[in-house]
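Inside the fold
Spelled out from the first residue to the last, the chains are:
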Amino acid sequence: MERMIADFDRMAADLDQGIRIEEDRVKIRDPAYSAYSTYARATALRRDNLRRSADVLRAQLANAKKALLALGEAN
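Notes on the structure in this doc start here. (Residues numbered from 1 in each chain as written. Predicted model: local features only at pLDDT ≥ 70, side-chain atom pairs only at ≥ 80, totals over all residues. Heavy atoms only, no water.)

**Side note on the side chain of Glu23**
With respect to the helices and strands, Glu23 occurs in helix 1 (residues 2–26). One buried charged residue, Glu23, remains without a salt bridge, the closest side chain of opposite sign being Arg29 at 5.1 Å. (Helix = DSSP H or I, 4+ residues; strand = E, 2+ residues; numbered from the N terminus. Buried < 20%, exposed > 50% of the residue type's maximum accessible area, 1.4 Å probe, protein only. Lys, Arg positive; Asp, Glu negative; His and termini not counted. Salt bridge = Lys/Arg side-chain N within 4 Å of Asp/Glu carboxyl O.)

Right, here's the structure in full:
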């Protein structure tokens, strides 16, 4: 799980860099602007999904660690 979280964080950082490169290329940085890059918009959605998934995994991992500690204390 920790490896998946690290992979998701790395991929999100890579996508973030790709977004910045695309915004620099087209010289439009405002996602609300009608001429904003479709590639940058789609990449931002992917990045945001990866970040949300990593956050969910972090929460699940924290809950699993708490459960393991509780089991250890119960014995």
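Additional details are given in the paragraphs that follow.
**Points about the environment of Val26**
Inspection of the secondary structure assignment puts Val26 in helix 1. By relative accessible area, which is 27% here, Val26 ends up partly exposed.

**So, helix 1**
Taking 1.5 Å per residue as the helical rise, helix 1 with its 25 residues ought to reach 36 Å, and the 36 Å between its terminal C-alpha atoms agrees with that figure. Looking at the buried positions of helix 1, the neighbouring elements they touch are helix 2 (38–74). One or two positions beyond helix 1, positive phi appears at Lys27, with a value near 65 degrees. (Expected span 1.5 Å × (residues − 1). Contact = heavy atoms within 4.5 Å.)

**A few points about the nonpolar core**
Listed in full, the 7 residues of the largest apolar core are Ile5, Phe8, Ala12, Leu50, Ala54, Leu57 and Leu61. Sorting the residues of this core by element identifies helix 1 and helix 2 as the ones contributing at least two each. A per-element tally of this core places helix 2 first, with 4 residues. With residues near it in sequence (within four places) discarded, Leu61 still touches Met1, Glu2 and Ile5. Ile19, Ile28, Ala40 and Ala44 belong to the second-largest nonpolar core, a separate cluster that totals 5 residues. (Core = buried A, V, L, I, M, F, W, Y, C linked by side-chain atoms within 4.5 Å.)

**As for the pattern of salt bridges**
Tallying each qualifying case throughout the model produces 10 salt bridges. A salt bridge links Asp16 to Arg51, with the shortest nitrogen-to-oxygen separation between them at 3.8 Å. Placement of the pair is Asp16 in helix 1 and Arg51 in helix 2, with a sequence separation of 35 residues. A relative accessible area of 39% means that Arg51 is categorised as partly exposed. Note that Arg25 and Glu22 form a salt bridge whose closest N and O atoms lie 2.9 Å from each other. In this pair, Arg25 and Glu22 both sit in helix 1, 3 residues apart, roughly one turn of the helix. Residue classification places Glu22 among the buried positions, given a relative accessible area of 11%.

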